Protein chains: 2
Amino acid sequence: MSRVSATFPADVFGEPDFLPEPLPEPATQSIRLEAVFGALSEPLRLTIIQRLLLESESFDHTCGWFGFDRPKSSLTHHFKALRAAGLIRQRQYGLERRSRVRTDDLNARFPGLLELVVAWTP
Amino acid sequence: MSRVSATFPADVFGEPDFLPEPLPEPATQSIRLEAVFGALSEPLRLTIIQRLLLESESFDHTCGWFGFDRPKSSLTHHFKALRAAGLIRQRQYGLERRSRVRTDDLNARFPGLLELVVAWTP
DNA sequence: ATATTTGTTCGAGTTTTATCGTACTGATGG
DNA sequence: CCATCAGTACGATAAAACTCGAACAAATAT
């Protein structure tokens, strides 16, 4: 893999200068509280958001990074639910699809929400 | 109706000296964040909690007070869901079952949560 | 080119949740 | 006693959500 590839992994060399466009997601203003609550009512999804908040360093993570023992199609389902509700932003880096929490958007729209997720004990 | 009846309505003369026992509800420590999120992911239930927070004066409210145009059995279902998740406390006053938000419990356990509900715009 | 890797899409089965009519209960008032 | 009133319980139907296998797609590595 080339050091200058447009798709090299963000967790090896840090964030690339030019990020791929995010996958389709709701605009900040149209994130709905009830949809956010629905997305976070599923323990696996709550875990995803919490771990992204607590263990993310300066880069985004693939869904494989979490190490969940679930079929890939189940993970796709949950990540899509999180993105549709406005909780995560996803970008495609070559093969990988990396996710980060939309922290700024969520803090602006629902202050205090992410603190609750961080404090959650499974 | 007697002024000293054990079951007179709390919204006419204020809170009685001896409250009826609350209906079965989860203990404060066992209220689960994911269950709370699930309960609040339903717009009607979100409305119930918001209105109890915003429009409740010093007394609890019956489910009829909200004026929802839904069958009674549907309302029973949603109020039971809110109580099971630990969001409301319900007491029986004669015929009526009155609800209040478990504000202290929820603020202690999930600080900031109720503010999000208050700020919600349907 | 071919295999490997990461993740998607489709579709089916299962479980949960919502909706709501009907019948019922228990307290109150005449 | 009998009617009324607030709300429950039951049960059926319908809609949503979760789970997951199988087949597929696209980028990468050799």
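Residues numbered from 1 in each chain as written. Chains lettered and ligands numbered in written order. Predicted model: local features only at pLDDT ≥ 70, side-chain atom pairs only at ≥ 80, totals over all residues. Heavy atoms only, no water.

Peer 1: Would you take a moment to explain the relation of the copies chain A and chain B for this structure?
Peer 2: Laying chain A over chain B is done by rotating through 180° and shifting 0.0 Å along the axis; what remains is an RMSD of 0.0 Å. Such a combination of rotation and displacement between the chain copies is what one expects of a two-fold axis. Looking at the rotation axis and the C-alpha trace of chain A, the residue lying nearest is A:F37, at 2.4 Å. Interface overlap between copies is the fraction of interface residues in one copy that are interface residues in the other; for chain A against chain B it reaches 100%, indicating a shared surface. (Least-squares fit on C-alpha atoms with pLDDT ≥ 70 in both. Contact = heavy atoms within 4.5 Å.)

Peer 1: Looking at this structure, how should I read the sheet that holds strand β3 (residues 96-101) of chain B?
Peer 2: One key point about sheets: their strands pair by backbone hydrogen bonds, in either a parallel or an antiparallel sense. All names here are of chain B. With antiparallel pairing, the three strands of this open sheet are ordered in space as β1-β3-β2. Each edge of the open sheet is held by one strand with a lone partner, namely β1 (61-62) and β2 (88-93). Here β1 pairs with β3 via two bridges, running antiparallel. Bridging across to β3, T62 finds its partner in R98. Helix α3 (residues 43-55) rests against β1, β2 and β3 of the sheet, and its axis sits at about 80° to β3. Contacts between helix α4 (residues 72-84) and the sheet are confined to β2 and β3, with β2 contributing the most and set at about 120° to the helix. (Pairing = 2+ DSSP bridges. Helix = DSSP H or I, 4+ residues; strand = E, 2+ residues; numbered from the N terminus. Axes fitted to C-alpha atoms, helices over the stretch in contact; angles between N-to-C directions.)

Peer 1: Just checking my understanding: could you explain the interface of chain A and chain B for this structure?
Peer 2: A common measure of how large an interface is: the accessible area buried when the components associate. Facing 15 residues of chain A, the contacting portion of chain B comprises 15 residues. Contact with chain B buries area across many residues of chain A, yet A:E34, A:F37 and A:L116 alone supply 43% of it, more than any other trio. Applying the counting criterion to the chain A and chain B interface returns six residue pairs in polar contact (both at pLDDT 80 or more). Among the secondary structure elements, those contributing two or more residues to the side of chain A that touches chain B are α2 (33-40) and α6 (113-119) of chain A. Sort the elements by how many residues they give to the side of chain A that touches chain B and α2(A) lands first, with five residues. (Buried area = accessible area lost by both parts, 1.4 Å probe. Polar contact = N/O pair within 3.5 Å; in protein donor to acceptor, adjacent residues only side chain to side chain.)

Peer 1: Can you help me understand the pairing of strand β3 (residues 96-101) of chain A in this one?
Peer 2: Each regular strand displays side chains that alternate between the two surfaces of the sheet. All names here are of chain A. Relative to β3, strand β2 (residues 88-93) is paired through six bridges, and the arrangement is antiparallel. The residue bridging R91 from the neighbouring strand is R98, located in β3. Hairpin connection between β2 and β3: a loop of two residues separates the two successive antiparallel strands, and G94 in this loop has a positive phi of roughly 60°.

Peer 1: Just checking my understanding: could you explain the confidence of the model for chain A for this structure?
Peer 2: Reading fine detail from the predicted coordinates is not recommended where pLDDT is low. Residues with a pLDDT of 70 or more make up 85% of chain A, whose mean pLDDT is 87. Here residues 1-15 of chain A is a poorly scored stretch, pLDDT under 50, and it has 22 contacts once near neighbours within four places are set aside; other chains count. (pLDDT = per-residue confidence, 0-100.)

Peer 1: In this structure, what is going on with helix α4 (residues 72-84) of chain A? I would like to understand it.
Peer 2: Note that an α-helix has 3.6 residues per turn; residues three or four places apart therefore point the same way. Residues and elements named next belong to chain A. Between the first and last C-alpha of α4 there are 18 Å, a value that for 13 residues agrees with the 18 Å anticipated at 1.5 Å per step. Residues L75, H78, F79, L82 and R83 constitute the buried set of α4. Viewed along the axis of α4, the buried residues span an arc of 140°, placing them on a single side of the element. Opposite its buried face, α4 presents the exposed residues S73, H77, K80 and A84, each directed more than 90 degrees away. Packing partners of the buried residues in α4 comprise α2, α3 (43-55), β2 and β3. A positive backbone phi angle near 95° is found at G86, which sits one or two residues after α4. (Expected span 1.5 Å × (residues − 1). Buried < 20%, exposed > 50% of the residue type's maximum accessible area, 1.4 Å probe, protein only. Arc of directions from axis to C-beta.)

Peer 1: So what exactly am I meant to see when it comes to the packing of α3(B) against α4(B) here?
Peer 2: If you want to describe how two helices pack, look at the angle between their axes and the distance between the axes. Residues and elements named next belong to chain B. Between α3 and α4, the least distance of the axes is 10 Å, while the angle of their chain directions is 65°. If you check the angle between α3 and α4, you find them roughly perpendicular. Read as a crossing pair, α3 and α4 show a hand that is right-handed. For the pair α3 and α4, contact is made by L44, R45, I48 and I49 and by L75, H77, H78, F79, A81 and L82, respectively. Along the lines of polarity and charge, the residues of the contact of α3 with α4 split into seven nonpolar, two polar and one charged. (Parallel < 35°, antiparallel > 145°, perpendicular 65-115°, else oblique. Left-handed = near helix turned anticlockwise from the far one by under 90°. Nonpolar A, V, L, I, M, F, W, Y, C, P; charged D, E, K, R; others polar.)

Peer 1: What exactly am I supposed to notice about the sheet that holds β3(A) here?
Peer 2: All names here are of chain A. Read across the sheet, three strands follow the order β1-β3-β2 without closing on themselves; strand pairing throughout is antiparallel. Bordering the open sheet on either side are β1 (61-62) and β2, each of which pairs with just one other strand. Taken strand by strand, α3 contacts β1, β2 and β3, and its axis lies near 80° from that of β3. Running at roughly 120° to β2, α4 makes contact with β2 and β3 of the sheet.

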